[in-house]
Amino acid sequence: MSLDNPASLSDAANAIRRGDISSVEMTKAALARAKASQERLNAFIEIEERPALEAAEAADKALADGRETGSLHGVPLAHKDMYDRRGFITGCGSKIRAGYVASDTSTVMARLQAAGAITIGRLNMSEFAMGPTGHNFHHGRALNPIDPALVTGGSSSGSGAAVGGGVVMAALGSDTGGSIRLPAACCGVVGIKPTQGRVSRHGVMPLSFSQDCVGPVARRVADAYLLLQQIAGADGLDPTCVSVIPPQGLTSDLSAIRVGIAGGVFADGLDGDVAKGMELAIETLSPLVGTVTSATLPDLTAIAELANVVAMAEAGAAHFDWLRERPEDYGPQIRMRLSQSLAMPAPIYLRALQIRAVMLKACLDTTFAQADVLIAPAMPFLPPLSADVDIGTSPRMNAVISAMTSFTRPFSYLGLPVVTLPVAQSQGGLPVALQIIARPWREDLAASVAQSLERAITLPAFVDRSAA
Amino acid sequence: MEIEKVMAALAESYWGRHASEPELLAMTGELRRDSASIAPSALGRGGALFTVEPAHYDALMQAEAKR
């Protein structure tokens, strides 16, 4: 880490505030990293050099003028290509929206701007945020900073690659079935999927309105949580964004925390490295928390199909007119997935929503009566090879893609907050990631446990295996 | 085969166009999976979901917010 690429968001903001470095200098360095990394990572759809430098100059002037500054004042970030900013393109990683210029600014981007953050570009993503691998027919896939042969995870592929590759300290992603957690898991960084309704979706590309969440990807838990605090909270422009207590501060006192280990489908057939990582995390957590026990989960049979029905029925409604008018403008994989929506009769969609209410109640009454947080792996295996999920070339594609989301989708369906972080490194230098799941609105508990785990497990840095 | 015809008719009726072969494959696959897993869900047996509304989920989340 260096002055122009500090270890944390707070360090960056403090360095600018103290005058150790200007926002322009830090932003120029981030832009240089973005440009230099593009061939290796393909993390950006667009690098916005001029507007970023203008914003950085304005930030430096505000500081010089003694005006009040936010907690991210002058700090360069980059975000998934799906958040509206007035006068800028929101392309959604697609051909269909590639030239769409937003007439208004999304609430999340407005809040980051109010906090003083600078945006240096739009990050790559799966087309319309559909796809857990990060493949993109139009822009090419973002490449995993640890090994380009591996997927980055998706759909927030550029967010995972840019943060994991050290280009920016943090980025916004979105999560409907694992789209923050999977890139975090594959790229060795931290991701937070907030509670459904915690963060405004105003001006955010819709995929599945009842499961979409905006959240951060960052190097460290504290950074991810700081970013969440900036964007969270009620919003009159999004009536589904709930007015609840804002995210609380983190604590290192976990002595009263009851940890439940998710068993059953979350423990069967794990890759050996993932199983070892889970064991290490449990061993490390045990002396830090009150109790560690096996969690009692409701019957999660068919939860993957239930979550998919909700997601694709809602996505099918959002995309209905384009599916009629310009289906050839979708990438083949996305067009196939969206077509599923026509095979879901209304009673099946509503049944999936009814069952969601029943499962959430069972979870609250039983699972979270016995545990404050649950832990589960993020994926049953290490980050897969891109070649195993390339459409039309791998007979294993469907099986690998389904398995990738099998541990993340249940918590999207239930709307629970989840923090994902790396807890181990395989012999081959790949990340093993854990999910920490809490009751609704208790991101603070999940993040507190995650931060303690992060401090207790000192992982070596993930390095680019292709450079060896 | 019959399912594929139904799916093709849905596409023509609602989208006003023919479904491509990959689309038909995805649609028939989806119907088969959902009919096998969601339709017979034990959680709905005996009318257990008769009075459950999707809004109950939002009510639970709201109640949690007030805890």
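Residues numbered from 1 in each chain as written. Chains lettered and ligands numbered in written order. Predicted model: local features only at pLDDT ≥ 70, side-chain atom pairs only at ≥ 80, totals over all residues. Heavy atoms only, no water.

A closer look at the overall build of chain B
Phase 1 of the analysis: A tally of helices and strands in chain B yields three helices and zero strands.
Phase 2 of the analysis: Counting helices and strands in the order they occur from the N terminus, chain B gives α-α-α.
Phase 3 of the analysis: In terms of overall size, chain B is more extended than a compact globule, its C-alpha atoms giving a radius of gyration of 18 Å where 67 residues would be expected to give roughly 11 Å.
Phase 4 of the analysis: Principal axes of the C-alpha set define a box for chain B whose edges measure 50 × 25 × 20 Å.
Phase 5 of the analysis: Burial status across chain B gives 36% buried among its 67 residues.
Phase 6 of the analysis: Here chain B contributes 7 positively and 10 negatively charged side chains, and the mean placements of these two sets differ by 6 Å. (Helix = DSSP H or I, 4+ residues; strand = E, 2+ residues; numbered from the N terminus. Rg over C-alpha atoms; globule rule 2.2 N^0.38 Å. Buried < 20%, exposed > 50% of the residue type's maximum accessible area, 1.4 Å probe, protein only. Lys, Arg positive; Asp, Glu negative; His and termini not counted. Charge placed at Lys NZ, Arg CZ, Asp CG, Glu CD.)

Some points on the side chain of Thr-105 of chain A
All names here are of chain A.
Phase 1 of the analysis: Relative to the helices and strands, Thr-105 is located in the loop between β2 (76-80) and α4 (107-114).
Phase 2 of the analysis: Thr-105 gets classed as buried once you look at its relative accessible area, which sits at 18%.
Phase 3 of the analysis: A distance of 3.0 Å separates the side chain of Thr-105 from the backbone nitrogen of Arg-86, its partner in a polar contact.
Phase 4 of the analysis: Residues within four places of Thr-105 in sequence aside, it is in contact with Asp-84, Arg-85, Arg-86, Ala-110, Gln-113 and His-202. (Polar contact = N/O pair within 3.5 Å; in protein donor to acceptor, adjacent residues only side chain to side chain. Contact = heavy atoms within 4.5 Å.)

What about the pairing of strand β11 (residues 431-438) of chain A?
Residues and elements named next belong to chain A.
Phase 1 of the analysis: Counting buried residues along β11, eight of its eight residues qualify, which places the element largely inside the surrounding structure.
Phase 2 of the analysis: Judged from the five bridges that link them, strand β9 (residues 373-377) and β11 form a sheet pairing that is antiparallel. Each bridged residue has a counterpart across the sheet, and for Ala-376 the counterpart in β11 is Gln-435.
Phase 3 of the analysis: Connecting strand β10 (residues 418-425) to the antiparallel partner β11 that follows it, the hairpin turn spans five residues, and Gly-429 within it adopts a positive phi of roughly 85°. (Pairing = 2+ DSSP bridges.)

A word on the pairing of strand β5 (residues 190-193) of chain A
Residue and element names in this part refer to chain A.
Phase 1 of the analysis: Of the two faces of β5, the one holding Val-190 and Ile-192 and the one holding Gly-191 and Lys-193 are both buried throughout.
Phase 2 of the analysis: Sheet topology places β5 next to strand β6 (residues 213-218); two bridges connect them, and they run antiparallel. Within the sheet, the bridge partner assigned to Val-190 lies in β6 and is Ala-218.
Phase 3 of the analysis: Pairing geometry for β5 and β10, over three bridges, is antiparallel. The residue bridging Lys-193 from the neighbouring strand is Val-418, located in β10.

Some points on the side chain of Arg-181 of chain A
Residue and element names in this part refer to chain A.
Phase 1 of the analysis: Within the element layout of this structure, Arg-181 appears in helix α6 (residues 181-187).
Phase 2 of the analysis: Accessibility expressed as a relative area gives 0% for Arg-181, which makes it buried.
Phase 3 of the analysis: One polar contact links Arg-181 to Ser-412, side chain to side chain, over a distance of 2.7 Å.
Phase 4 of the analysis: In contact with Arg-181, other than residues within four places in its own chain, are Asp-175, Lys-193, Thr-408, Phe-411, Ser-412, Val-418, Thr-420 and Gln-435.

Some details on the nonpolar core
Phase 1 of the analysis: The biggest cluster of nonpolar side chains holds 121 residues, and the ones touching the most others in it are Leu-9, Leu-72, Val-108, Leu-172, Tyr-413, Leu-434 and Ile-436 of chain A.
Phase 2 of the analysis: Grouped together as the second largest cluster of nonpolar side chains are 26 residues, Leu-31, Ala-161, Val-167 and Val-189 of chain A included. (Core = buried A, V, L, I, M, F, W, Y, C linked by side-chain atoms within 4.5 Å.)

Structural notes on the interface of chain B and chain A
Phase 1 of the analysis: Taken together, the contact pairs 35 residues of chain B with 39 residues of chain A.
Phase 2 of the analysis: For the pair chain B and chain A, the summed buried surface comes to about 3400 Å²; carbon and sulfur atoms form 69% of the total.
Phase 3 of the analysis: If you sort the residues of chain B by the area they bury against chain A, Trp-15, Ile-38 and Tyr-57 of chain B come out on top, with a joint share of 22%.
Phase 4 of the analysis: At the junction of chain B and chain A, the tally comes to two salt bridges.
Phase 5 of the analysis: With a shortest N-O distance of 2.9 Å, Arg-335 of chain A and Glu-23 of chain B are connected by a salt bridge.
Phase 6 of the analysis: Applying the counting criterion to the chain B and chain A interface returns 13 residue pairs in polar contact (both at pLDDT 80 or more).
Phase 7 of the analysis: Secondary structure elements with two or more residues in the side of chain B that touches chain A: α1 (2-15), α2 (21-37) and α3 (55-65) of chain B.
Phase 8 of the analysis: Examining the composition of the side of chain B that touches chain A, we find that nine residues originate from one element, α2 of chain B, more than from any other. (Buried area = accessible area lost by both parts, 1.4 Å probe. Salt bridge = Lys/Arg side-chain N within 4 Å of Asp/Glu carboxyl O.)

Some points on the sheet that holds β9 of chain A
Residues and elements named next belong to chain A.
Phase 1 of the analysis: The sheet built from 11 strands is open, its strands ordered β1-β3-β2-β4-β6-β5-β10-β11-β9-β7-β8 with mixed pairing. Edge positions in the open sheet fall to β1 (44-47) and β8 (291-294), since each of these has one partner strand only. The average undirected angle you get between the axes of adjacent strands in this sheet is 30°.
Phase 2 of the analysis: One ladder, built from three bridges, connects strand β7 (residues 258-261) with β9; its direction is parallel. (Axes fitted to C-alpha atoms, helices over the stretch in contact; angles between N-to-C directions.)

So, the packing of α1 of chain B against α2 of chain B
All names here are of chain B.
Phase 1 of the analysis: Two elements in contact, α1 and α2, have axes whose closest approach is 9 Å; the angle formed by their N-to-C orientations is 115°. Considering the angle they form, α1 stands roughly perpendicular to α2. Judged by the sense of rotation from one axis to the other, the crossing of α1 with α2 is right-handed. Residue-level contacts link Ile-3, Glu-4, Met-7, Ala-8 and Trp-15 of α1 to Glu-23, Leu-24, Met-27, Thr-28, Leu-31 and Arg-32 of α2.
Phase 2 of the analysis: Residue classes in the contact of α1 with α2 are distributed as seven nonpolar, one polar and three charged. (Parallel < 35°, antiparallel > 145°, perpendicular 65-115°, else oblique. Left-handed = near helix turned anticlockwise from the far one by under 90°. Nonpolar A, V, L, I, M, F, W, Y, C, P; charged D, E, K, R; others polar.)

Considerations on helix α5 (residues 157-164) of chain A
Residues and elements named next belong to chain A.
Phase 1 of the analysis: Counted residue by residue, α5 has seven buried out of eight residues, so it is predominantly covered.
Phase 2 of the analysis: Listed as buried for α5 are Ser-157, Gly-158, Ser-159, Gly-160, Ala-161, Ala-162 and Val-163.
Phase 3 of the analysis: Residues of α5 that are buried in the fold lie against α2 (23-41), β2, β3 (118-123), β4 (170-175), α6 and β6.

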